[in-house]
Each structure stands twice: as structure tokens, then as C-alpha cells.
Amino acid sequence: MIKMNKILLFNPKSSNNKYRIPNSILNIAAAVEGKYDWVIVDGNCEADPIKKIESYLGTGEFKYLGCTVMPGPQLKQAILASKAIKEKHPYVTMVWGGYFPSNHSNAVLYSGYVDFIINGPGDHAFPNLVDALENGQPFEFIKNLIYKGPDGRIFKTAKEDLIDQDSLPPLPYDKLNTFYPIPKFLGKTYLGEKTLAYHSSIGCPFTCSFCAVVPIYEARWKAKSAQQVYKDVKYIKDKWGADAIEFHDNNFFVSEKRAVEFSRLIKGENMTWWGMARIDTMSKFKDSSLAAIREAGCKIIFFGAESGNNAVLEQMDKGGTQTGDQILEFAARLKKFDIIPEYSFVLGTPAPTPEQVQAQIDFEIDFIKKVKHINPKTEIIIYTYSPVPTEGSEMYKQVLDSGFKFPQTLEDWISPAWESFDLRKNPLTPWLTPEMIDKIRNFETVLNGVYPTVTDIRLNLLKRKAIQAIAGLRYKVNLYQYPYEIKLLQKIWRYRQPEIQGF
Ligand code: B12
Ligand code: SF4
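Remember, predicted model here, so these are calculated numbers, not experimental data. (Residues numbered from 1 in each chain as written. Chains lettered and ligands numbered in written order. Predicted model: local features only at pLDDT ≥ 70, side-chain atom pairs only at ≥ 80, totals over all residues. Heavy atoms only, no water.)

## Details of the nonpolar core
Thought 1: Within the largest apolar cluster, 138 residues are counted, with the highest numbers of intra-cluster contacts made by Leu8, Trp96, Phe253, Phe262, Trp273, Met282 and Tyr343.
Thought 2: Looking at this core, the element that brings in the most residues is helix 19 (residues 434–450), giving seven residues.
Thought 3: Judged by nonpolar contacts, the second largest core, of nine residues, contains Trp274, Met276, Ile300 and Tyr383. (Core = buried A, V, L, I, M, F, W, Y, C linked by side-chain atoms within 4.5 Å. Buried < 20%, exposed > 50% of the residue type's maximum accessible area, 1.4 Å probe, protein only. Helix = DSSP H or I, 4+ residues; strand = E, 2+ residues; numbered from the N terminus.)

So, in C-alpha cells, the structure goes:
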């Protein structure tokens, strides 16, 4: 007899041209594998994902739809699809998971078309929820759940301790391959011809006051062992030819021991890799460790530098140990190891007066130029600060005091203004004037002109030189206004922006 309790897992479109293994829903698939039948629909690989979902639901065999959602453009497809599907198939239990619903649960649940939110890791919560619903048992005690009670109140259940990551079931790559060929997900990047996206740890031990990871993981971090990571990577390499790895962990390099051990294991595989780290953590790494990491193929590391100003770093609660001087020293130190530091800065944080907000922006611009002077290979990523609800942090308090409010409904979230908010390009934060935002963006345009990112593999030497010649003069004399000529060239050559298109 055909079971009518199948699960459809949906990854709404998040990227225009670079597909990645849909790790969020693949982890959920692993959690129900062998217990419930499941299928995956990846919005990145489908011209019309709603049609594809309809073709599955039309069989009448599906009872659950699980959707992963991060803010930004992915939210748009998630909303459009969930709304349309719930209207047509009201019996389907709609479950959302991921960073957006965990941090903005009220707007999601009051939409009326999402039944449950998985708050943080879903590896246990999701199968437990489906079990409870299948067996008519109470779900109210399942950890990591947010739901609306019959009286309309929102309930959040207790958070589960982070799961030992090595105890999780293997990711069902072979079955994913039956829906979408794995090579489709192994894209050409700056790192290699076939780049694998892999997630080796969850959470982060720090509590930066602007970071969406904090309310969910509350300074907790759990990692797979170096051996486990190596085993998984090796499987994909041997079976589908991956030659590079993007580690999507929030903070890959928390443990020096694990990073060095992984380096030792991967060294012989001739793979290039990339991951995210903290400057203060990695500053403490021994020279021998940095050398081992580079020799093992790690060419470029992403660091949240955030600000060169110690007072702002403190306001951001960057763990209390990062300083402006350290950021500069570390950029110089990495030069010796031939590791490219990719430094991201967050400009436009709140301050008591408009003059102070402007002064901070000007300070950061000068500081970024200093970094570039010390190590010109440093890749600079500039974000405009967009608040996340880090309740209890001093910075979030300042944000609320300024009169800032998140949208109350999902429809508002996908209005054009809020979409660009999440891309951290044009935040609707009351303390930033349009002139300030222009200054940040224009500086970024000129900077990218003088130093085009190495991750843009389409930009050849000639094009680089042409943009550099035009932007160099502006950079020298601090003239950033109206950089239309640079923008035009970047548009014609479709210049890549890592802060929008992903690392
Ligand atoms: C890969 C990635 C991307 C990829 C696309 C991913 C995809 N799904 O196709 C790309 C590069 C395109 C991307 C882009 C953006 N991203 Co992004 N991305 C990530 C990253 C690095 C990894 C996500 C991942 O695969 N995790 C691995 C899985 C296993 O973990 P997970 O997603 O947390 O899933 C677990 C739980 O959350 C839960 N869960 C998740 N989904 C579901 C679904 C169901 C049904 C259930 C039951 C459970 C569940 O269970 C899972 C297993 O335990 C995260 C940071 C991170 N390390 O998680 C940022 C992150 C999610 N991105 C973020 C942002 C802001 C963006 C952007 C909007 C902006 C930007 N400048 O980066 C853009 C725009 C996106 C768009 N175009 O829509 C933020 C979200 C912040 C926030 N305010 O909520 C994060 C947290 C990074 C950060 N620290 O700032 N991103
Ligand atoms: S170190 Fe990075 S991931 Fe961790 S809390 Fe700070 S910004 Fe978030």
C-alpha cells in the first residue's frame, strides 16, 4: 500500500548562477531517511519550482512540506510558494526552518500558511514532530519548535543541547543525485573547477551583537571531527571529482587542533579550500599551524573584521579581544603565509548623533585604505549594518530606541525596500541618511575599481587594468562621489560582488 505521509523538502531559489549542495534541507532529508519517503525540490535548479511541487503534491501522497528560509531573495520564493501551496492543499503541514523563521517567528506564523517553525537545528526536532503528528501524540514537548496555539498565542519550546555532529546520519548524497545530478552543484569558482559546499560545524562560541547566529545558538558551537569531514569530502571527490571546498560554517577555525588535523588529512588530496574565521582566534594560531593550513590548500580565509575602531568593536561585542591594531597586524602576518585575508566590514552602525555616525563611516573608509596599504591582496567586503534581533544586546537596544521596527508581515518583508535591507545594501535604519549610504556605496565602487576581487574569474587582466586606471585617481584624492564611469564598466563586465552573490 502506498503511504500518504511523504515529505517534500524545498530549497527556494537563493542564487542566480552558482548552485550549491542544498545542505540545509539535505540534513533534514538525512534525519528522516529510512523512516519516511522524501523528495527534494531545489528552486535553484528549477525554472518553475511551484509547478514541480504541484506535480508531487498532485499524487496525493505528500503530507508534509519542509521549506528552508534565509532572509533576502530566498524569502520571496518561499513566501510565494508556501502561500500558493497552502491555499491549494490546506491539508499539507507546512514547516519552515532556517535563520529567517527562527529569528522572525511571529511574522511567519501569523501569515496563516506556515504551521510550524523549527527553531535552530532540525535534525531531531523535525522527525520528532512528524512522528508526533503521525501518531496523534502531543508535540508541545518537542524541543526547538515554535508554533501558534489555538488561542493565537505563539509558543516556543525549550532549546535542545547541540547534537554531537559525528553522531548524525550521513548526508544522502547518492539520493540527492537521483533528483539533481551532484556535478550540477559542484560549481566553478575562484577555488576550483568543481567546488563543494560543506558545513562542518554548527553555531559559534561568540556573541557579536549584530549577528543572526547568536539568538539561535546562544554562544554554542559543535563540530564534526576532522576525520569525519575528511571522509565526507573524500567521498565527493572520489565519486564526483570535487577539487575545491567552500566551508560554510559560521566559524570554521574555532579549534586550532581540528583545523590542523584536517589540514594534515586533506593535504594529499590536492584540493583548494576556504572557510570563515575570527581574527582574534586565528591571531593566536602558531606559525606552524598557519603554514600547515596553507600547505593543505587553504588559499583564502574570510574574517569578520567589522570595524577598525575599538569603541565600535566593543559596541559590536566582538568577543572583547579584537582591536584595530590586531586587524592590521594580522593582515600583514598572513602575507607571509600567502593566505589571502578576506576582511568584511560593517559600516553604518548606530551612534548618538548624525555627526558621530558620519565620523565613524569616514574612519572606516580610512582604515580600510590602511589595510589595503599593508596587504593589498586583502579582499574587502563592505556591508551596511542591518539589525538582527539580538535581544538583550546594547546595540539592539540602540536600534530599537532609534525607532527602527522590523516588518510585521511576510508580505512587507518581500517589498523591494526590505529585500535590499537583507542584502545589507540599503537598510531602512533611521540613523543613516541617503547621503551616508551613498558615501559607503560610492567608496565601495571606487575601491572595487582599484582592487577588483580575485574571486571574479571572468574579469581578465586587461579589464582589471582598465578599471584600475580609472578608479586609481579617485582613490588617491579621496574623491568618491558619482563614480558613474566605474559603475558603467562594472555593469558592462558584470562585475561580481561577493557580498551579494556569496563568497
Ligand atoms: C550557504 C549560504 C548561502 C548560499 C545559499 C544557500 C542555499 N540554501 O542555497 C548563498 C551564498 C546564495 C547565500 C546568500 C545569502 N545569505 Co546565506 N548563508 C549560507 C550559509 C553560509 C550556510 C547555510 C547552510 O547551508 N547551512 C548548513 C545547514 C546544515 O545549516 P542550517 O541552514 O542552519 O540548517 C539547520 C537548521 O537551521 C534547520 N533548518 C534549516 N532549514 C530547514 C528547513 C526545514 C524544513 C527544517 C525542518 C529545518 C531546517 O535544520 C538544519 C539542520 O540542523 C549561512 C550561514 C551558516 N553557516 O549557516 C548563511 C546565512 C544563512 N545567510 C545569510 C544571509 C543574510 C544571506 C544573504 C541574504 C545576504 C548575504 N549577503 O549573505 C544572501 C542572499 C540570499 C538569497 N539570494 O536569497 C545569513 C542570515 C542572517 C539572518 N539575518 O538571518 C546567514 C546566517 C549568514 C550570516 N551569519 O549572516 N547564503
Ligand atoms: S564570530 Fe562571526 S558567527 Fe560568531 S557571533 Fe561573531 S559574527 Fe556571528
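## Details of the pattern of salt bridges
Thought 1: A complete count under the given rule lists 23 salt bridges for this structure.
Thought 2: The residue Asp115 makes a salt bridge to Lys86 at a minimum N-O spacing of 2.7 Å. In this pair, Asp115 is assigned in the loop between helix 5 (105–109) and strand 5 (116–118) and Lys86 in helix 3 (residues 73–88), connecting sequence segments 29 residues apart.
Thought 3: A cluster of three or more residues bridged by salt bridges with shared partners is formed by Lys234, Lys237, Asp238 and Glu269. (Salt bridge = Lys/Arg side-chain N within 4 Å of Asp/Glu carboxyl O.)

## Here's the deal with the sheet that holds strand 12 (residues 272–277)
Thought 1: The strand order across the open sheet built from six strands is 8-11-12-13-14-15, with neighbouring strands paired in parallel fashion. Strand pairing shows two members of the sheet lacking a second neighbour, strand 8 (195–198) and strand 15 (379–384), which therefore form its edges. Here the average twist between neighbouring strands, direction ignored, is 20°.
Thought 2: Of the strand pairs in this sheet, strand 13 (residues 298–306) and strand 14 (residues 340–347) are connected by six bridges, and their pairing is parallel. Its bridge partner being in strand 14, Gly304 is matched across the sheet by Ser344.
Thought 3: Along the sheet face, helix 15 (residues 354–374) touches strand 14 and strand 15 and points at about 175° away from the line of strand 14. (Pairing = 2+ DSSP bridges. Axes fitted to C-alpha atoms, helices over the stretch in contact; angles between N-to-C directions. Contact = heavy atoms within 4.5 Å.)

## What about helix 3?
Since there are 3.6 residues in each turn of an α-helix, residues three or four apart along the chain are aligned in direction.
Thought 1: The terminal C-alpha atoms of helix 3, which comprises 16 residues, lie 23 Å apart, in line with the 22 Å expected from a rise of 1.5 Å per residue.
Thought 2: If you check which residues of helix 3 are buried, you get Gln74, Leu75, Gln77, Ala78, Ile79, Ala81, Ser82, Ile85 and Lys86.
Thought 3: Contact partners of the buried residues in helix 3: strand 1 (6–11), helix 2 (49–57), strand 3 (62–68), strand 4 (93–97), helix 4 (99–103) and helix 17 (410–413). (Expected span 1.5 Å × (residues − 1).)

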